[in-house]
Amino acid sequence: MTTVTIQPTGISADDVLAVARGTATVVLDPATRDAMATSRAIVDGIEAAGRPVYGVSTGFGALANTFVAPERRAELQHALIRSHAAGVGAPMPREVVRAMMLLRVRSLALGHSGVRPLVAEALVDLLNHDITPWVPEHGSLGASGDLAPLAHCALVLLGEGWVLGPAGERQDAADVLHAAGLKPIELAAKEGLALINGTDGMLGMLLLAIHDAAHLFAMADVTAALAIEAMLGSERPFLPELHAIRPHPGQAASAANIHRLLQDSRVMDSHRDDLAHAVQDAYSMRCAPQVAGAARDTLDFVRTVAGRELVSVVDNPVVLPDGRVESTGNFHGAPLGFAADFLAIAAAEVGAIAERRVDRLLDVTRSRELPAFLSPDAGVNSGLMIAQYTAAGIVAENRRLAAPASVDSLPTSGMQEDHVSMGWAAAKKLRTVLDNLTSLLAVELLAGVRGLQLRAPLVPSPAGRAAVAALGGAAGEPGPDVFLAPVMEAARAVLAGPDLRAAIEREVGPLG
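This write-up is about the structure you can find in this document. (Residues numbered from 1 in each chain as written. Predicted model: local features only at pLDDT ≥ 70, side-chain atom pairs only at ≥ 80, totals over all residues. Heavy atoms only, no water.)

Observations concerning the overall build of the chain
Okay, so step 1: Helix and strand counts for the chain come out as 20 helices and 8 strands.
Okay, so step 2: Within the chain, contacts between residues separated by at least 24 positions form 80% of all contacts whose residues are at least 6 apart in sequence.
Okay, so step 3: For the chain, the computed accessible surface area is about 20,600 Å², with 57% contributed by carbon and sulfur atoms.
Okay, so step 4: Taken as two groups, the 41 positive and 56 negative side-chain charges of the chain have centres that lie 2 Å from each other. (Helix = DSSP H or I, 4+ residues; strand = E, 2+ residues; numbered from the N terminus. Contact = heavy atoms within 4.5 Å. Areas by Shrake-Rupley, 256 points an atom, 1.4 Å probe, with all protein chains shown as cover. Lys, Arg positive; Asp, Glu negative; His and termini not counted. Charge placed at Lys NZ, Arg CZ, Asp CG, Glu CD.)

Take a look at the structure:
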């Protein structure tokens, strides 16, 4: 078990993954408590002076000009959380909610939100006791941050609302807190607003997506190489000098991967000097690095955006060290929404070109003497025919999901919040695109393995042998049709997991 320490300078992407998907314990550094106490003292001073400040002594959104009497300001914060916990739909996954809570602690810890340390400590207690609020999937517009999702988290701190049970069922927060020995907290002025005004949900989803996309884009090079090898393609389009003259870094990395994966292959040796061999391979083979490489470069851009957000103060209003409390627009999710939409477009195309290679592998007129649909007895047997149908359907869905959410603003709050980012929706659908990409690459993995098996007795590359070994138990040898869904599920598990990549890298060295 690891420990993630929240510093007043923030946390890393790896910290978020360790808490969201792992078992890391969260602790607050003493300097973090000091930073929060300093900003809280400024809010207390404003309260004592009776100055009108948004979110401290006024209502919210379109009610920003409504003065709230001092004796009702704690009530105001509690009412805010209850009214804003208005989401509907299925619960968000545990990993997303845990990432969101940790990122809200991170934001409070930066010392610009004016909350007492106990508020951040209460969120830390939920994380360390593995209590995950029930956060419905619909509710955030990504404008004043992820208001509804964060309000569902904050409501649990008050001993209200719902949490996820062990089997995903909905449980009353009060009962779960009591069983864990935790007590609800009472909010003071500004604290309710500080708990919900941030981009933590969309940022959490984006950080998880970045991690997943990095693995999938590397595996896309693996499955492309397997398909190219099985189709007797050429390795020459992947020579480094051809990519040095178009210096996109992602393209060069992808080409280097594919070239290395195709070495030491008797399958490739069998046709290297064949003058009758095709002069040029199809685009889906020859241009694999151009597409996957562009996706890699997109991922680098998205990683930069997320890294900036990790050190950003996204509350409103913010407490400045000189004692001012200023309204900002830093909670607006446009940077994250744009990034998520861009990455979804890139990931959709990585899947689309993979499906085109699968189609070529299965087509007897284009697969260079492989049997139709990779079945040794096509006709009675259909081989992987319908696996390609499944892939085509997923490609079509990803194209729909690649339409950007971040251009679809709808005004809210009596036109006070008249432009919203839809960043939550962009990040949520990005995760769906990546999940679909996992399935698409799994189909290509299965087709590539089957194609290499059918090239026997020619021995494939080390990468090809590792893939056949990893999937052979589930896929078996080419032969009569079998119940294919379990085989496809096994291919997906192999593709998504770390073992195949590790086995390949033991043979060929680290993939770029």
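From this point, the discussion proceeds with the structure in view.
Details of the pairing of strand β1 (residues 3-6)
Okay, so step 1: Burial along β1 is one-sided: the residues V4 and I6 are buried and none of T3 and T5 is.
Okay, so step 2: Two strands pair when backbone bridges link them, and β1 and strand β2 (residues 25-28) are joined in this way by 4 bridges, in the parallel orientation. For T5, the partnering residue across the bridge sits in β2 and is V27.
Okay, so step 3: Considered for its hand, the β-α-β crossover made up of β1, helix α1 (residues 13-20) and β2 is right-handed. (Buried < 20%, exposed > 50% of the residue type's maximum accessible area, 1.4 Å probe, protein only. Pairing = 2+ DSSP bridges. Right-handed = clockwise from strand over helix to strand, strands pointing away.)

Here we look at the pattern of salt bridges
Okay, so step 1: Evaluation of the coordinates by the stated rule reveals 29 salt bridges.
Okay, so step 2: Salt-bridge contacts for D44 lead to R40; the nearest nitrogen and oxygen are separated by 3.2 Å. One end of the pair, D44, and the other, R40, are both in helix α2 (residues 30-49), 4 residues apart, so they sit about a helical turn from each other.
Okay, so step 3: The exposure class of R40 is buried, given its relative accessible area of 5%.
Okay, so step 4: For the salt bridge of E444 with R357, the shortest nitrogen-to-oxygen distance reads 2.5 Å. Remark: R357 occurs in helix α15 (residues 334-362) and E444 occurs in helix α17 (residues 423-454); sequence separation between them is 87 residues. In terms of burial, E444 and R357 fall into one category: buried.
Okay, so step 5: A single salt-bridge network, built from bridges that share partners, covers E355, R356, D359, D363 and R366. (Salt bridge = Lys/Arg side-chain N within 4 Å of Asp/Glu carboxyl O.)

Notes on the packing of aromatic side chains
Okay, so step 1: Tallied over the entire structure, the rule returns 1 aromatic pair.
Okay, so step 2: For the pair F301 and F342, a centre-to-centre distance of 6.0 Å together with 55° between the ring planes defines the contact as tilted. Of this pair, F301 sits in helix α14 (residues 288-310) while F342 sits in helix α15, and the two are 41 residues apart along the sequence.
Okay, so step 3: Judged by its relative accessible area of 38%, F301 is partly exposed.
Okay, so step 4: The ring of W162 carries R170 above its face, with NZ or CZ at 3.7 Å from the centroid. (Phe/Tyr/Trp six-rings, centres within 6.5 Å; stacked < 30°, edge-to-face > 60°. Lys NZ or Arg CZ within 6 Å of the ring centre and 35° of its normal.)

Examining the side chain of R104
Okay, so step 1: Residue position: R104 is located in helix α4 (residues 94-109).
Okay, so step 2: Beyond its immediate sequence surroundings of up to four residues, R104 is in contact with L123, L150, A194, L195, I196, N197, G198, D200 and V314.

Some remarks on helix α7 (residues 173-180)
Helical periodicity: at 3.6 residues per turn, an α-helix aligns residues three or four positions apart in one direction.
Okay, so step 1: When α7 is considered as a whole, its buried residues turn out to be A173, V176 and L177. Axial view of α7: buried residues confined to an arc of 100°, hence all on one face. Relative to its buried face, α7 has exposed residues pointing more than 90 degrees away, namely D175, H178 and A179.
Okay, so step 2: Positioned one or two residues after α7, G181 has a phi angle of 80°, which is positive. (Arc of directions from axis to C-beta.)

With respect to the packing of α1 against α4
Okay, so step 1: Two elements in contact, α1 and α4, have axes separated by 8 Å at closest approach and are oriented at 130°. Compared by their axis directions, α1 and α4 come out oblique. Like other packed secondary-structure pairs, α1 and α4 cross with a definite hand, here right-handed. Residues D15, V16, V19 and A20 of α1 lie in contact with α4, whose contacting residues are R94, E95, R98, A99, L102 and L103.
Okay, so step 2: Across the contact of α1 with α4, the residue classes tally to 6 nonpolar, no polar and 4 charged. (Axes fitted to C-alpha atoms, helices over the stretch in contact; angles between N-to-C directions. Parallel < 35°, antiparallel > 145°, perpendicular 65-115°, else oblique. Left-handed = near helix turned anticlockwise from the far one by under 90°. Nonpolar A, V, L, I, M, F, W, Y, C, P; charged D, E, K, R; others polar.)

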